[in-house]
There are 2 protein chains.
Amino acid sequence: MIKIIVDAMGGDNAPYSTVAGAVQALAADKEIHLVLTGRQAEIEGELKKYSFDKTRLEIVDCPDVIDMNDIPTEAVKRKQSSLMQAYWMLKKEEDLCALVTAGSTGATIVGGQLILGRIRGIKRPALCPAIPNTRGGVTLLLDCGANAECKPVMLCQFALLGSAYAKAGFGINNPKVGLLNNGTEEHKGDPLRQETFKYMSQMEGIDFIGNVEGRDIMIGDCDVVVADGFSGNVALKSMEGCGKLVLGVLKKELSSSLSSKIGYLFIRKAIKRMRGQLDFDKMGGALLLGLKKPVIKSHGSSKPETIKNSIINAANIYRGKLVPAVEELLSTADLDNLTEQTDEV
Amino acid sequence: MIKIIVDAMGGDNAPYSTVAGAVQALAADKEIHLVLTGRQAEIEGELKKYSFDKTRLEIVDCPDVIDMNDIPTEAVKRKQSSLMQAYWMLKKEEDLCALVTAGSTGATIVGGQLILGRIRGIKRPALCPAIPNTRGGVTLLLDCGANAECKPVMLCQFALLGSAYAKAGFGINNPKVGLLNNGTEEHKGDPLRQETFKYMSQMEGIDFIGNVEGRDIMIGDCDVVVADGFSGNVALKSMEGCGKLVLGVLKKELSSSLSSKIGYLFIRKAIKRMRGQLDFDKMGGALLLGLKKPVIKSHGSSKPETIKNSIINAANIYRGKLVPAVEELLSTADLDNLTEQTDEV
């Protein structure tokens, strides 16, 4: 049994998407049990639409909902909200394995740090989506927005966290780690990158391949790309925008002439597969990495399928023993020494 | 007559690409005259392959070539190199309007600052490519790598430079300017972004629409996106990588079955147009903006068509009166006051 708690009120389409996604996840993975937090009557109203294994789903009534306009540090105090209640339960109840939410990113990060807590030794959690790459797998990019400002020690820890996630979530045994920079040469970048490069080169427990560029996230050779939360966020959203432009141009071009309309009939399936490979929303959310249990932040505009994928992703990460993997890497990397060195920077 | 100087030895495919591109540009735009710097014998060897208007092309023999491995601050001293000779001539000869090079980015930036010089009042030049957007036009993104570290006053100047380029190069009369950030809310980002937002909101001479995200570069509403050189570079290369992934996936999908192979025959032209819209290399290079004359840095892997487009782009920018437009905006924006304020930050 893998018991996952879902913030049923989080996201633009809640509770429709969250409930539908939860039901789909139950059907797809028989090991999953779910706890849904949120307004019981609304959740039950949605659940009525579907048939599902009722022994594997329970509801915890929470009258309050945090929205995108709430200030995270204030929102964290609202214990009766679906998100913070979920965090409190995740912290207290040992059999709860992971949390999935499509709610406010800021509140998810603050709640994770203040309620659930970080893995011992980790300075800051990082947001880590899995991005499709030309090798047919995924590249993990972190941090994508939890920390706009970073120090070298944080980036070094992100390298550990990302390596553990690559192993636990995707079965990559010796994940290659790159440092996102504005060039591949050793001396490239600002002082943050230059210092980090020095420390990362000496770190135990990771396979550091050096500086990488933005293009390497999707077409490069590494499994984990480490960035500060500002440039990681810029990279992620730039790729997202490019993906949308491409699909838009393709759609327009394919309806631009009779010939291309005929052609489209033959390639519909290929285009659909391609669209699936580029749909960042479908990837199953970003992992908030570095907390005591896995927390998946699904896109605010999540559809049922996205929520389903996020829940299954959470189950897989738990199965892959993410938190023990992080702890093991932390001990290998002799982090105390590193922290001492890099805190002076 | 628009006389442009071309570094004929710059780039991976020089002098083949540079010479072929130069000949194509002469044919495409009768107002253009060209001066090619580089090894005369090699250039003449390439020129023999083509017929062209010999009255509009001259060669200046330079025995030395700067390559990607040379340290820019050292390379700038090599006066007999094709790039630095081009810079010296551009500085001294009044009838030379612009420079095009596919050589080392670092050497181009250093040479631009130390030999040609900046427009009076401009603190640092910025690298500015034109990126295709969903509106069917281009978004100017600057800085894309000339300055890994920036201060608020530099970003404010980039807003002016980008606005002038939008007007002079693309006829956009009231270009909208966005600040690249990790969210659109006013308080978002690190101290650099927060300070810059404050100053930019008060600036005269630009139409500042606030913070924008990475996705807005390709699918947003603004014409100019301002970034520090580090995150601008990350954004540009992330989009480039995404574009390459998409074209790769598309190619694979379209040859994956008999049906899609048949379909491809009907949509070949549409796909080719789409590829053209996504090929960053074809866009005609990035403008090194803020110097006394327009300098276009074309991609190191430039093909003849890229060089042709870069030369024509340079001619158009000169015709559009870029430098006077920058000077006008600088005076409107009351930059002395701004510099005083932001230098304290």
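Higher on the page you've got the structure.
All of the points below concern the structure found in this document.

About the cut-offs
- Residues numbered from 1 in each chain as written.
- Chains lettered and ligands numbered in written order.
- Predicted model: local features only at pLDDT ≥ 70, side-chain atom pairs only at ≥ 80, totals over all residues.
- Heavy atoms only, no water.
- Helix = DSSP H or I, 4+ residues; strand = E, 2+ residues; numbered from the N terminus.
- Buried < 20%, exposed > 50% of the residue type's maximum accessible area, 1.4 Å probe, protein only.
- Contact = heavy atoms within 4.5 Å.
- Pairing = 2+ DSSP bridges.
- Axes fitted to C-alpha atoms, helices over the stretch in contact; angles between N-to-C directions.
- Expected span 1.5 Å × (residues − 1).
- Polar contact = N/O pair within 3.5 Å; in protein donor to acceptor, adjacent residues only side chain to side chain.
- Least-squares fit on C-alpha atoms with pLDDT ≥ 70 in both.
- Phe/Tyr/Trp six-rings, centres within 6.5 Å; stacked < 30°, edge-to-face > 60°.
- Lys NZ or Arg CZ within 6 Å of the ring centre and 35° of its normal.
- Parallel < 35°, antiparallel > 145°, perpendicular 65-115°, else oblique.
- Left-handed = near helix turned anticlockwise from the far one by under 90°.
- Nonpolar A, V, L, I, M, F, W, Y, C, P; charged D, E, K, R; others polar.

### A short note on the environment of Asp 12 of chain A
Residues and elements named next belong to chain A. Note that Asp 12 resides in the loop between strand S1 (2–7) and helix H1 (16–28). Assessed through its relative accessible area of 54%, Asp 12 is described here as exposed. The sequence separation of Asp 12 and Gly 103 amounts to 91 residues, and the corresponding C-alpha distance is 8.1 Å. The contact partners of Asp 12, leaving out residues within four places of it in the chain, are Met 68, Gly 300 and Ser 301.

### A few points about the sheet that holds strand S5 (residues 126–128) of chain A
Residues and elements named next belong to chain A. With respect to topology, seven strands assemble into an open sheet ordered S3-S2-S1-S4-S12-S11-S5, the strand pairing being mixed. Of all the strands in the sheet, the pair left with one neighbour each is strand S3 (57–61) and S5. Neighbour-to-neighbour, the strand axes of this sheet turn through a mean angle of 25 degrees, independent of strand direction. When strand S4 (residues 96–101) meets strand S12 (residues 295–297), the two strands line up parallel, connected through three bridges. Bridge assignment links Leu 99 to a residue of S12, and that residue is Val 295.

### What to know about helix H9 (residues 229–254) of chain A
All names here are of chain A. The end-to-end C-alpha distance of H9, which contains 26 residues, comes to 37 Å, matching closely the 38 Å that a straight helix rising 1.5 Å per residue would cover. Counting buried residues along H9, 22 of its 26 residues qualify, which places the element largely inside the surrounding structure. Between a side-chain oxygen at the N-terminus of H9 and the backbone nitrogen of Phe 230 the separation is 3.0 Å; the capping residue is Asp 228.

### Quick word on the environment of Pro 129 of chain B
Checked against the element boundaries, Pro 129 of chain B lands in the loop between strand S5 (126–128) and strand S6 (130–132). When the C-alpha positions of Pro 129 of chain B and Lys 297 of chain B are compared, they lie 9.1 Å apart, and in sequence the two are 168 residues distant.

### Some remarks on the relation of the copies chain B and chain A
When chain B is fitted to chain A, the best match, at an RMSD of 0.0 Å, comes from turning it 180 degrees and sliding it 0.0 Å along the axis. Expressed as an axis order, the relation between the two copies is that of a two-fold axis. Residue Gly 263 of chain B, judged by its C-alpha, is the member of chain B lying nearest the rotation axis, at 2.1 Å. Here 98% of the contact residues of chain B are again contact residues in chain A; the copies associate through an equivalent surface.

### Brief notes about the packing of aromatic side chains
In total, this model carries five aromatic pairs over all chains according to the counting rule given. Here the aromatic rings of Phe 266 of chain A and Phe 266 of chain B are separated by 6.0 Å at their centres, their planes lie at 5 degrees, and the arrangement is stacked. Here Phe 266 of chain A, found in helix H10 (residues 258–278), pairs with Phe 266 of chain B, found in helix H10 (residues 258–278), and the two come from separate chains. The exposure class assigned to Phe 266 of chain A is partly exposed, which follows from its relative accessible area of 30%. Each ring, one from Phe 197 of chain B and one from Phe 208 of chain B, has its centre 5.4 Å from the other, and the planes form 70 degrees; the classification is edge-to-face. One end of the pair, Phe 197 of chain B, is in helix H7 (residues 191–202); the other, Phe 208 of chain B, is in strand S9 (residues 207–212), with 11 residues separating them in the sequence. Like Phe 208 of chain B, Phe 197 of chain B is buried. Lying across the ring of Phe 230 of chain A, Arg 193 of chain B places its NZ or CZ 3.9 Å from the centre.

### Structural notes on the packing of helix H6 (residues 152–170) of chain B against H7 of chain B
Residue and element names in this part refer to chain B. Across the interface, H6 lies against H7 with an axial gap of 9 Å and an inter-helix angle of 50 degrees. Between H6 and H7, the crossing angle belongs to the class labelled oblique. Crossing angle aside, the handedness with which H6 passes H7 is right-handed. Where H6 abuts H7, its residues Pro 152, Leu 155, Cys 156 and Ala 159 lie against Leu 192, Glu 195, Thr 196, Tyr 199 and Met 200. The residue inventory of the contact of H6 with H7, partitioned by class, reads seven nonpolar, one polar and one charged.

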